[in-house]
Each structure stands twice: as structure tokens, then as C-alpha cells.
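# Understanding the architecture of this molecule
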Amino acid sequence: MRIRYLIFIFILFVSTSLEAQIPVILRATSSEQSDSTGCNFVKEVCRITYDAILSGKAKLWDSPSKDIQIYPSGLADIEKSTNTTFIDQEIIFIYEYWTNSNRDLRSTTTGLLFSNKTKTGEEVAYGYVEFNDLQESFMRSRLQTNANGNYNTTLAYYIYNKNYNYKILQFAGKVIDNVNASQLIKDNFIGTNRFNTSAFSTNEIPQKMVTWILDSNNDLVASKREASIELIQGIDSFLRSNEEVFLNLGGDHILTQTQSKNWKISKIEVHELWKKIDNKVLFDPISVIIFINDSAMTEIQYRDLLKMDIKFGDKSWIDILREKPFQYYITQINSQQILRREGFQYQKGLLTYDWNKITEFVKYY
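Keep in mind that this is a model prediction, so the values were computed, not measured.

Here we take up the packing of helix α2 (residues 41–54) against helix α4 (residues 131–140). In the contact formed by α2 and α4, the axes pass within 10 Å of each other and the chain directions differ by 115°. Our pair here, α2 against α4, has a crossing hand that is right-handed. The segment α2 lies against α4, with Val45, Ile48, Thr49 and Ala52 engaging Leu134, Ser137 and Phe138. Residues of the contact of α2 with α4, tallied by class, amount to five nonpolar, two polar and no charged.

Attention now goes to a nonpolar patch on the surface. Where nonpolar side chains cluster on the molecular surface, the patch consists of Ile205, Ile277 and Leu282 and spans about 220 Å² of accessible area. Within the element layout of this structure, Leu282 appears in strand β11 (residues 280–292).

For the structure on display, the rule yields 13 salt bridges. Here Glu130 ties to Lys66 by a salt bridge, and the two come within 2.6 Å at their closest N and O atoms. With Glu130 in strand β6 (residues 123–130) and Lys66 in the loop between β2 (60–61) and β3 (69–70), this residue pair connects regions lying 64 residues apart in the sequence. Judged by its relative accessible area of 26%, Glu130 is partly exposed. Lys66 sits in the partly exposed class, given a relative accessible area of 31%. Here the residues in one salt-bridge network are Lys275, Asp284 and Arg322, joined through shared partners.

On to the pairing of strand β1 (residues 22–29). Of all eight residues that make up β1, six are buried, and the element is covered over most of its length. Of the strand pairs in this sheet, β1 and strand β4 (residues 91–101) are connected by eight bridges, and their pairing is antiparallel. If you follow Val24 over to β4, its bridge partner there is Glu96. Pairing geometry for β1 and strand β7 (residues 167–171), over four bridges, is antiparallel. Bridge pairing links Val24 to Phe171 in β7.

Among all positions of helix α3 (residues 72–82), only Leu75, Ile78 and Glu79 are buried. Along the axis of α3, the buried positions cluster into a sector of 95°, meaning they face one direction only. Residues of α3 that are exposed and point over 90 degrees away from its buried face: Ser73, Asp77, Lys80 and Ser81. Where α3 is buried, its residues meet α2, β2, β3 and β6. Asn83, located one to two residues past α3, shows a positive phi value of around 55°.

Attention now moves to the environment of Arg194. One can find Arg194 in the loop between α6 (179–190) and β9 (207–215). Taking the C-alpha atoms as reference, Arg194 lies 9.5 Å from Tyr160; in sequence the two are 34 residues apart. Sequence-distant contacts of Arg194, that is, excluding residues within four places in its chain, are made with Leu105, Tyr157 and Asn161.

Next up on the list: the packing of α2 against α3. Where α2 contacts α3, the axes come no closer than 9 Å and their chain directions differ by 130°. Relative to α3, α2 is oriented oblique. Mapping the contact onto sequence places Tyr50, Ile53 and Leu54 in α2 and Pro72, Leu75 and Glu79 in α3. Residue composition of the contact of α2 with α3, grouped by class: five nonpolar, no polar and one charged.

So, how was this worked out
Residues numbered from 1 in each chain as written. Predicted model: local features only at pLDDT ≥ 70, side-chain atom pairs only at ≥ 80, totals over all residues. Heavy atoms only, no water. Axes fitted to C-alpha atoms, helices over the stretch in contact; angles between N-to-C directions. Helix = DSSP H or I, 4+ residues; strand = E, 2+ residues; numbered from the N terminus. Left-handed = near helix turned anticlockwise from the far one by under 90°. Contact = heavy atoms within 4.5 Å. Nonpolar A, V, L, I, M, F, W, Y, C, P; charged D, E, K, R; others polar. Patch = residues over 30% accessible without salt bridge, like charges linked within 9 Å, V, L, I, M, F, W, Y side chains within 5 Å. Areas by Shrake-Rupley, 256 points an atom, 1.4 Å probe, with all protein chains shown as cover. Salt bridge = Lys/Arg side-chain N within 4 Å of Asp/Glu carboxyl O. Buried < 20%, exposed > 50% of the residue type's maximum accessible area, 1.4 Å probe, protein only. Pairing = 2+ DSSP bridges. Arc of directions from axis to C-beta. Parallel < 35°, antiparallel > 145°, perpendicular 65-115°, else oblique.

This is the structure we're talking about:
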């Protein structure tokens with residue numbers, strides 16, 4: 001029976017003109033998304049779509065036929081009456097048209113269908129949203145990516161490149177209810193080709209937003225102890241010599257809060273954009289938070305970092321932050337919090353390994 005079904009699917013494929021616009025419905029499941037893609041595609045689609053609906057940027061309809069519009073208040077009623085949440089869906093359905101002309105593989109996304117299940121297994125239909133309504137949000141909204149993700153990647157990029165795990169539910173109007181049949185269509189129609197390559201003709205520069213900490217109370221590696229102490233002392237000296245800067249950064253509040261005039265820098269937290277160009281990692285500081293007696297001062301943005309005249313020979317403190325001759329530990333990469341015990345492995349992975357497989361490096365090396 002399975003062999004006959006696969007033969008039917010193959011006949012369906014070869015009988016369909018490759019250059020015709022073929023209607024396709026894809027099924028993407030949250031639990032089947034891989035860490036290697038950089039984010040949970042289903043969760044991000046639901047989160048960003050939900051925000052777009054509530055803000056009025058996107059209209060929610062009862063079905064793809066768009067007979068009845070469901071307003072944000074109506075969606076809230078559905079969530080409340082079923083004890084479900086739109087942003088916590090396991091499965092979404094993506095409506096598209098595919099064409100394959102001389103290996104020029106293109107897809108046009110028309111809409112997304114959203115549904116859920118109650119705790120008792122009953123189906124909950126939220127509705128359908130046109131892709132045109134979501135394009136701006138999918139292009140501009142910041143994704144919650146893990147350590148494998150590219151910080152500047154958009155949800156639109158995932159959609160256009162099919163950079164997520166999915167199964168084909170319908171192809172050319174025929175229901176595909178067999179995993180092997182879905183894979184057969186992928187193998188024959190897509191093969192090794194990529195979708196919509198002309199839309200992304202330039203290669204994205206791999207980027208990650210990294211947060212790291214230099215802790216003055218940490219047990220420092222001997223070879224890096226001097227550089228760590230020198231940086232902390234340099235910042236300390238600047239703040240003591242520039243009382244106005246110290247107070248503007250919240251120093252008066254911290255001293256009142258700690259009820260102590262004897263203060264010291266306990267650590268600094270640095271937010272940086274790391275880029276990988278020609279297999280070389282480059283660092284661009286975004287902001288710094290100085291901690292006095294373990295209390296955070298006001299975050300200092302890059303433009304203000306430049307104004308702080310902290311020198312180490314002929315180098316500024318921003319140069320030192322970039323060079324990192326001291327010991328530090330990573331606490332966050334993109335939206336992923338990093339456990340202290342795994343910080344060194346993530347650091348090593350970022351400096352030596354494939355940036356799409358950082359979590360794999362930490363897990364297996």
C-alpha cells in the first residue's frame with residue numbers, strides 16, 4: 001500500500017508543470033524545530049504574529065476565505081474560553097505557491113493558519129492571517145535567537161529560505177498524509193536547490209550579540225590577572241577623578257543605597273556585537289554597565305564610552321575591551337542565557353568553531 005501511494009505521489013509530481021504556480025500547504029511543528037536553525041521558528045511566528053494582531057498591523061480572519069474578521073478582543077475571548085494562548089501553539093500551517101523554473105526555485109507565501117488544542121484535546125481555531133499583513137513585522141521584529149542564530153536575521157529570511165523543519169500537507173491540491181511522500185516531493189521538486197536565492201543575493205555577515213562579565217572578585221588565571229586588575233583600576237581611577245560622571249551614572253544613589261562611602265568596582269558587564277568576517281572574529285562594544293559594590297550603575301552606551309578618556313598607554317579602554325587580554329566569562333549569546341559553568345565552552349566555540357553549531361560544540365566537545 002505504501003509503495004502504491006509513493007508511486008501516486010511521484011506521478012503527481014511529474015504530471016505537474018514545474019513552471020506552474022503550485023499551491024502548497026506546509027505544516028510546521030514546534031517540537032520538531034532544531035536548535036541548529038538558531039530559533040524555534042514556530043514560537044517566533046506565533047509571538048510576532050500575535051503582537052501584530054494586537055497592535056492592529058495584521059488582521060485575523062476566521063479562515064483563508066476571510067469571511068469574518070476576528071478582532072483582538074475576540075481573540076482574547078477565544079483564549080479565555082478555551083484556556084489556551086495564541087503564542088503557545090504546537091503546529092502552524094503555511095499557505096504558499098511554489099514554482100521551479102530551470103532550478104530557479106521560488107515560493108510566494110500567501111498566509112498562515114493558526115490553531116491550538118485544549119488540555120482535553122479539543123481543537124481551537126484562532127484563524128488565518130495574510131502574509132502581506134505580516135511582512136513588515138517579519139522583516140523588522142527582533143528574533144529571540146539562541147547561540148547558533150544570526151543576531152540580525154529576520155523571520156522573513158526564515159520564511160523565504162525555508163530555514164525551518166516542515167512537512168508538506170498539501171501539494172497541487174492533493175493531501176499528503178505520509179511522511180515519506182512529503183520527503184519524496186522535497187527530493188524531486190526541491191532537491192539540492194535553495195528557495196528565493198535572488199532575494200538574498202548577498203551573504204549575511206554572521207553576527208551575535210554577546211554579553212560578558214569581568215569580575216574583580218573572580219579567581220583570576222595568573223597569566224591574565226595583571227590585565228584584569230589594570231582595567232578595573234583604570235576605570236576606578238577615572239570615576240574618582242571625574243565625580244560628575246560618577247554621579248550622573250547613578251553613583252550617589254548607589255552610595256545612599258549601600259550606606260557606604262567606601263566603594264569599589266566589583267565587576268563590569270559588557271554588551272558586544274561579535275562579527276565573523278573571513279573566519280576572523282571582530283568585536284564591537286555596544287554598551288557597558290559598571291557595578292559598584294555589586295550594584296549596577298546606569299548603562300553606558302557606545303557614544304558615551306568614547307567620551308570617557310580612559311587610557312592604557314596609547315590605547316583607549318575600548319581598544320582593551322576589544323582585545324580582551326583579561327579573563328572574562330560569557331553570560332548571554334543573543335537571547336540565550338549561558339550557565340556559568342558552560343561560559344568557557346561557549347567562548348571557545350565562538351572563537352574556534354562553526355557559528356551555526358555553537359550549541360553542538362558545547363554539548364559534544
